[in-house]
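# Architecture at a glance
Here are the chains, one letter per residue:
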Amino acid sequence: GGFTVPPRALHVSADSTTRTYGEPNPTLTASADFLAGDGWTVTPVCTSDATSGSPVGGYPIACSGGSNANYAPGYTPGTLTVTRRAVTVTASDGTKVYGEADPALGYAVTAGSLVAGDGFTGTPVRVAGENAGRYEITQGTLALSSDYTLTVVAGGFTVTRRAVTVTASDGTKVYGEADPALGYAVTAGSLV
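Anyway, here's the lowdown on the structure attached to this text. Just so we're clear, the structure is a prediction, and the values are computed from it rather than from any experiment.

## Points about the packing of aromatic side chains
- For the coordinates displayed, the defined rule picks out four aromatic pairs.
- Aromatic pair Y21 and Y148: ring centres 5.5 Å apart, planes at 80 degrees, arrangement edge-to-face. Of this pair, Y21 sits in the loop between β2 (17–20) and β3 (30–32) while Y148 sits in strand β13 (residues 148–153), and the two are 127 residues apart along the sequence.
- With relative accessibility at 4%, the residue Y148 sits in the buried group.
- Centroid distance Y107 to F120: 5.2 Å. Interplanar angle 70 degrees. Geometry classified as edge-to-face. Residue Y107 is found in strand β10 (residues 107–111), and its partner F120 is found in the loop between β10 and β11 (125–126); the two are separated by 13 residues along the sequence.
- Residue classification places Y107 among the partly exposed residues on the basis of a relative accessible area of 30%.
- Each residue in the set F34, W40 and Y71 is aromatic and connected to the rest through ring pairs, giving one cluster.

Right, here's the structure in full:
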């Protein structure tokens with residue numbers, strides 16, 4: 001008579017993995033429940049539709065094409081999870097003289113990087129106040145898309161004192177009379 005050994009069912013699972021937004025996909029792999037000592041004759045190919053520009057989220061990983069004459073593979077998809085990209089900006093310190101208009105507030109990326117084509121929206125702001133002193137610069141409306149985790153390191157804004165020079169006016173009186181009012185004039189700078 002005849003004795004038939006059919007192929008063994010092989011459970012193949014795409015290995016789930018993660019990567020950061022803007023980075024290329026890692027090498028995608030699969031795991032299979034071979035009997036000890038067995039393996040692939042032809043290794044399966046695993047792919048995902050996610051590209052380096054794909055937004056944060058989960059994308060299916062599909063595997064196919066693996067073979068071993070003793071096994072009948074069945075494939076289970078995995079998930080490629082794209083995570084947020086971390087970026088840190090530091091607010092640039094600023095200054096102005098009391099009474100002047102605020103200059104534009106600046107910032108610089110001090111950790112991480114943006115993906116080509118992406119950019120910031122909004123601007124940092126400083127704590128309100130016009131008197132001479134130091135004020136904190138905070139995030140304000142500065143933002144990135146939801147594909148990023150944005151951290152803002154505060155800066156300082158200094159309002160310096162305004163320089164004004166006055167010169168006392170010369171005066172005169174006749175001996176024995178009362179002193180007249182003493183006068184002065186601003187000779188450098190100006191008042192707000």
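## Some points on the state of the cysteines
- Evaluation of the coordinates by the stated rule reveals one disulfide.
- With a sulfur-sulfur separation of 2.0 Å, C46 is cross-linked through a disulfide to C63. Sign of the S-S torsion, about 110 degrees for the bond between C46 and C63, identifies this disulfide as right-handed. Note that C46 is positioned in strand β4 (residues 45–48) and C63 in strand β5 (residues 57–64), a separation of 17 residues in sequence. Residues C46 and C63 agree in their burial class; the two are buried.

What counts, and at which threshold
- Residues numbered from 1 in each chain as written.
- Predicted model: local features only at pLDDT ≥ 70, side-chain atom pairs only at ≥ 80, totals over all residues.
- Heavy atoms only, no water.
- Phe/Tyr/Trp six-rings, centres within 6.5 Å; stacked < 30°, edge-to-face > 60°.
- Helix = DSSP H or I, 4+ residues; strand = E, 2+ residues; numbered from the N terminus.
- Buried < 20%, exposed > 50% of the residue type's maximum accessible area, 1.4 Å probe, protein only.
- Disulfide = S-S within 2.5 Å.

Everything listed is a geometric property; what it means functionally is a separate question.
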